[in-house]
Amino acid sequence: MNKREQLESLRAQSLLGGGQDRIDAQHKKGKLTARERIHFLMDEGSFEEIGAFVQHRSSDFGMEKQKFLGDGVVTGYGTVNGRLTYVFSQDFTVFGGSLSETHAEKICKLMDLAMKNGAPIIGLNDSGGARIQEGVVSLGGYADIFYKNTMASGVIPQLSAIMGPCAGGAVYSPAITDYILMVENSSYMFVTGPNVVKTVTHEEVSSEDLGGASVHSAKSGVAHFTAANEIESIQQLKKLLSYIPQNCEEKAPSYPYEKGDEVRMKLAGIIPESANQPYDIREVISEVADEGSFFEVHKDFAENIVVGFARLAGRSIGIVANQPAFLAGVLDIHSSQKAARFVRFCDCFNIPLLVFEDVPGFLPGTDQEWNAIITNGAKLLYAFCEATVPRVTVITRKAYGGAYDVMNSKHIGADMNLAWPTAEIAVMGAKGAAEIIFKRQIDASENKEEALKAKEAEYGALFANPYRAAERGFIDDVILPEETRSKLIKAFSMLENKVANLPRKKHGNIPL
Ligand code: HXC
């Protein structure tokens, strides 16, 4: 075999991972291989592999006789829609994609390159966790990755797609990254699997019910996106990248858009007659944003708040919106956590924030108080206070109580606060307010119901409008709903070169 043939033979070996039988088994499960996933993710012909010849160094349990070139992870770089992107893709055909010392070194090397060159890194995860034969060495490898994930956090975007089992240590690296995408019915994430759960807590639970895509997207909130299959998940990764910049020093790419009539009459008909009737805030979002550009994040989790990316006049924005169609848009623990994390992501990566506000307040009750709505609500408050990106709020209807302050109010650093004529900005709704402050008069009157109604109307006339706040300058302008898109395009364009700095500090102490 000459040198050229030797190289070709080694490359062919490396491409086969754990061998054809295991590749067939992977396909039989309806899963793609590590290399096929990269093929669908990266622009054609752009992928350059790094470390194809790496082998593990273990010799316990006869491991020296089981070596596979690449050692269970394909790493490299290329472009996604023309933009430099780093990717590692775990190969389940090699020891179940488990993480060895060298497997970890390959991922760390890639993270170092991504950091130095300021480009996103995508992990395609399919792993049985720490390589059991290697013991503490593989645990060390995980810790090296967690450390680098943390150092890279807020510097470059880090995205994790889960495309198979993700057990033990395999879950914590994705958890530190910015977004987790899961594939329905073929991906799982858990710290301890069903067998351990059964031993420790005597609960019988399937992998799907313990840590499947639907559990993590709707119940735990660990996953931000789910897809019906791997190809759809890869499409989501590409779409997500299109809204975000390469690194924290850059702005997100902008896209061409056709300037036209920006008046949207449909917006004038969305708010119902009665303040207690729900409407879907997504209707407002889709009318205001560039057509078809809204990309919702965390869609099935804490549905009382809607967050996601969109484009306005071709530029990326992050939207946070109370959802009156779900629990009246109330703020609670999960919705505060969801929105806080999104606000912080946008702020890390220079994505301006647009807030739509229609919120009756914080959710009362023992469940919320005992589970720390105080600390969790404070997360959202803190996240907004700290955000230095351009920030604009539109109050469509209710802005009551503490929630008025929290939802990107002028007082906590918003740059432009607009309200529709239907806005009600007050400490609480007119009925509740009348019941408290006019209790004595109402109790003393002959017809209590009539008296309450009269006082409710009195309070409503004074406060159930945007003008008290506008009088003070807390609201910069009261605008007609149909004007919203054009006003926002102008506002964000005006704010494009905003400079705001936080006081010098090591880092803040967000109420975690
Ligand atoms: C070495 C592993 C492995 C592992 C799987 N394999 N997991 N090898 N270390 N962790 C190997 C198997 O031996 C098998 O090899 C091949 O991968 C495929 O595994 P199967 O079990 O046949 O596949 P499947 O039935 O699909 O089950 C996949 C699985 C299961 C759910 C991931 O293998 C499993 O439960 N693995 C162990 C998970 C785990 O407990 N990991 C350690 C977590 S502790 P052959 O040669 O037959 O193809 C941890 C600590 C880190 O991660 C903590 C840091 C904070």
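Everything quoted here is computed from the prediction, not taken from an experiment.

Summing up its helical and strand segments, the protein has 20 helices and 16 strands in all. Taking 24 Å as the expected radius of gyration for a compact globule of 512 residues, we find that the protein reaches 26 Å, a close match to that expectation. In terms of principal-axis extent, the alpha carbons of the protein reach across some 100 × 55 × 45 Å. Here the protein holds 512 residues, and 51% of them are scored as buried. Considering only contacts within the protein whose residues lie at least 6 apart along the sequence, 72% involve residues at least 24 apart. Taken as a whole, the protein presents about 23,800 Å² of accessible surface, with 54% of it coming from carbon and sulfur. Charged side chains of the protein number 53 positive and 64 negative; the gap between the two group centres comes to 4 Å.

Side chains that carry opposite charge are capable of pairing whenever their charged atoms lie near each other. Per the counting criterion, the structure on display carries 23 salt bridges. Taking the shortest distance from any N to any O, the salt bridge between glutamate 386 and arginine 344 comes out at 3.1 Å. With glutamate 386 in helix α14 (residues 373-386) and arginine 344 in helix α12 (residues 333-348), this residue pair connects regions lying 42 residues apart in the sequence. For glutamate 386, a relative accessible area of 16% corresponds to the buried category. Of the residues examined, arginine 344 reaches a relative accessible area of 33% and is grouped as partly exposed. Its salt-bridge partner being aspartate 476, residue lysine 410 comes within 2.4 Å of it at the nearest N-O pair.

This paragraph deals with the site of the ligand. Among the 18 residues in the neighbourhood of the ligand, the closest are listed as Arg22, Gly96, Gly128, Ala130 and Gly169. Take glycine 169: an N or O atom from its main chain is 2.9 Å from an oxygen atom of the ligand. For the ligand, whose free accessible area comes to 1,000 Å², the fraction covered by protein is 53%. Considering each element in turn, the shell around the ligand owes the most residues, three residues, to helix α5 (residues 136-152). Across the shell around the ligand, the residue classes break down as eight nonpolar, seven polar and three charged.

Grouped together as the largest cluster of nonpolar side chains are 49 residues, with contacts concentrated most on Leu41, Leu124, Tyr179, Phe309, Val320 and Leu380. For this core, the leading source of residues is α12, giving six residues. Beyond its immediate sequence surroundings of up to four residues, leucine 124 is in contact with Arg37, Ile38, Leu41, Val87, Phe88, Ser89, Gln90, Ala161, Met163 and Leu237. Formed by 30 residues, the second largest nonpolar core is a distinct cluster that contains Ala310, Trp420, Leu488 and Ala491.

Between its first and last C-alpha atoms helix α1 (residues 3-15) spans 18 Å; for 13 residues at 1.5 Å apiece the expected length is 18 Å, and the two agree. Residue asparagine 2 occupies the N-cap position of α1, its side-chain oxygen lying 3.1 Å from the main-chain nitrogen of arginine 4. Glycine 17 lies just past α1 and shows a positive phi near 55°.

Along strand β14 (residues 416-419), one buried face is formed by Met416 and Leu418 and the opposite face, lined by Asn417 and Ala419, is buried too. Pairing of strand β13 (residues 391-400) with β14, which is carried by four bridges, proceeds in the parallel orientation. Looking across to β14, one finds that valine 392 is bridged to methionine 416. Inspection of the sheet shows β14 paired to strand β16 (residues 477-478) by two bridges, in the parallel sense. When the bridges of β16 are listed, alanine 419 appears paired with valine 478.

A separate point is the packing of helix α16 (residues 430-437) against helix α18 (residues 448-463). The geometry of α16 relative to α18 is characterised by a closest axis approach of 8 Å and an angle of 115° between their N-to-C directions. Handedness of the crossing formed by α16 with α18: right-handed. For the pair α16 and α18, contact is made by Ala430, Lys431, Ala433, Ala434, Glu435 and Ile437 and by Leu452, Lys455, Glu456, Tyr459 and Gly460, respectively. Counted by class, the contact of α16 with α18 contains six nonpolar, one polar and four charged residues.

On to the environment of glutamine 441, then. Tracing the sequence through the fold places glutamine 441 in helix α17 (residues 439-444). For glutamine 441, a relative accessible area of 43% translates into the label partly exposed.

Of all residues except glycine, most have a negative phi; of all peptide bonds, most are trans. The residue asparagine 81 is not glycine, and still its phi comes out positive at about 45°. Positionally, asparagine 81 belongs in the loop between β2 (73-80) and β3 (83-90). According to the relative accessible area criterion, asparagine 81 is exposed, its value standing at 55%.

The rules behind these values
Residues numbered from 1 in each chain as written. Predicted model: local features only at pLDDT ≥ 70, side-chain atom pairs only at ≥ 80, totals over all residues. Heavy atoms only, no water. Helix = DSSP H or I, 4+ residues; strand = E, 2+ residues; numbered from the N terminus. Rg over C-alpha atoms; globule rule 2.2 N^0.38 Å. Buried < 20%, exposed > 50% of the residue type's maximum accessible area, 1.4 Å probe, protein only. Contact = heavy atoms within 4.5 Å. Areas by Shrake-Rupley, 256 points an atom, 1.4 Å probe, with all protein chains shown as cover. Lys, Arg positive; Asp, Glu negative; His and termini not counted. Charge placed at Lys NZ, Arg CZ, Asp CG, Glu CD. Salt bridge = Lys/Arg side-chain N within 4 Å of Asp/Glu carboxyl O. Near = heavy atom within 4 Å. Polar contact = N/O pair within 3.5 Å; in protein donor to acceptor, adjacent residues only side chain to side chain. Nonpolar A, V, L, I, M, F, W, Y, C, P; charged D, E, K, R; others polar. Core = buried A, V, L, I, M, F, W, Y, C linked by side-chain atoms within 4.5 Å. Expected span 1.5 Å × (residues − 1). Pairing = 2+ DSSP bridges. Axes fitted to C-alpha atoms, helices over the stretch in contact; angles between N-to-C directions. Left-handed = near helix turned anticlockwise from the far one by under 90°.

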